[in-house]
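Observations on chain architecture
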Amino acid sequence: MADNNKGSEKTTAQTPVKKEKRGGLIAYLRGVKQEFSKVVWPTREELTTDTIVVFACVAFFAVAFWLVDTGFLAALKGILGITLS
């Protein structure tokens, strides 16, 4: 049996690829301005709430790591009988 679609197939290698035109610094800055206009900025209330949450998490994990470190140090002192001066 013969394939009827044999001649109608086109490969992407035959179509030329257009290069994107370079616009320079002005075009870049226009693009940056356009992208910044798409950003949904947080309100002052959201920003304040998120900042408080971040500080609280940092404080919590700082204390948690300090406690774990102190516990390991106490365990090693007890097991190995060492003193730190």
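Here the structure is shown first, and the text comes after it.
We now turn to the structure provided with this report.

Conventions used here
- Residues numbered from 1 in each chain as written.
- Predicted model: local features only at pLDDT ≥ 70, side-chain atom pairs only at ≥ 80, totals over all residues.
- Heavy atoms only, no water.
- Helix = DSSP H or I, 4+ residues; strand = E, 2+ residues; numbered from the N terminus.
- Buried < 20%, exposed > 50% of the residue type's maximum accessible area, 1.4 Å probe, protein only.
- Areas by Shrake-Rupley, 256 points an atom, 1.4 Å probe, with all protein chains shown as cover.
- Patch = residues over 30% accessible without salt bridge, like charges linked within 9 Å, V, L, I, M, F, W, Y side chains within 5 Å.
- Salt bridge = Lys/Arg side-chain N within 4 Å of Asp/Glu carboxyl O.
- Phe/Tyr/Trp six-rings, centres within 6.5 Å; stacked < 30°, edge-to-face > 60°.
- Expected span 1.5 Å × (residues − 1).

**Quick notes on the overall build of the protein**
- A count of helices and strands for the protein gives two helices and zero strands.
- Considering the protein as a whole, with its 85 residues, one finds that 0% of them fall into the buried category.
- Just so you have it, the protein exposes about 9,000 Å², and 65% of that area is on carbon and sulfur atoms.

**Description of a nonpolar patch on the surface**
- A cluster of nonpolar side chains, namely Leu73, Leu76, Ile79, Leu80, Ile82 and Leu84, defines an oily patch on the protein surface of about 590 Å² accessible area.
- Mapping Ile82 onto the fold places it in the segment after α2 (44–80).
- Overall, the relative accessible area of 38% leaves Ile82 in the partly exposed class.

**Section: the pattern of salt bridges**
- With the rule as written, the count across this model stands at one salt bridge.
- Across the pair Lys38 and Glu35 runs a salt bridge, and its minimum N-O distance is 3.3 Å. Of this pair, Lys38 and Glu35 both sit in helix α1 (residues 24–38), three residues apart, which is roughly one turn of the helix.
- For Lys38, a relative accessible area of 54% gives the class exposed.

**Regarding the packing of aromatic side chains**
- Under the counting rule described, the total for this entry stands at three aromatic pairs.
- Ring geometry for Phe60 and Phe61: centres 5.2 Å apart, planes at 80°, overall edge-to-face.
- With relative accessibility at 44%, the residue Phe61 sits in the partly exposed group.
- For the pair Phe61 and Phe65, a centre-to-centre distance of 6.4 Å together with 35° between the ring planes defines the contact as tilted. Taken together, the positions of Phe61 and Phe65, both in helix α2 and four residues apart, correspond to about one turn of that helix.
- Classification of Phe65 as exposed rests on a relative accessible area of 59%.
- An aromatic cluster is built from Phe60, Phe61 and Phe65, whose rings are joined through pairwise contacts.

**Thoughts on α2**
- With 37 residues, α2 ought to run about 54 Å at 1.5 Å a step, and its terminal C-alpha atoms sit 53 Å apart, in line with that.
- One or two positions beyond α2, positive phi appears at Gly81, with a value near 65°.

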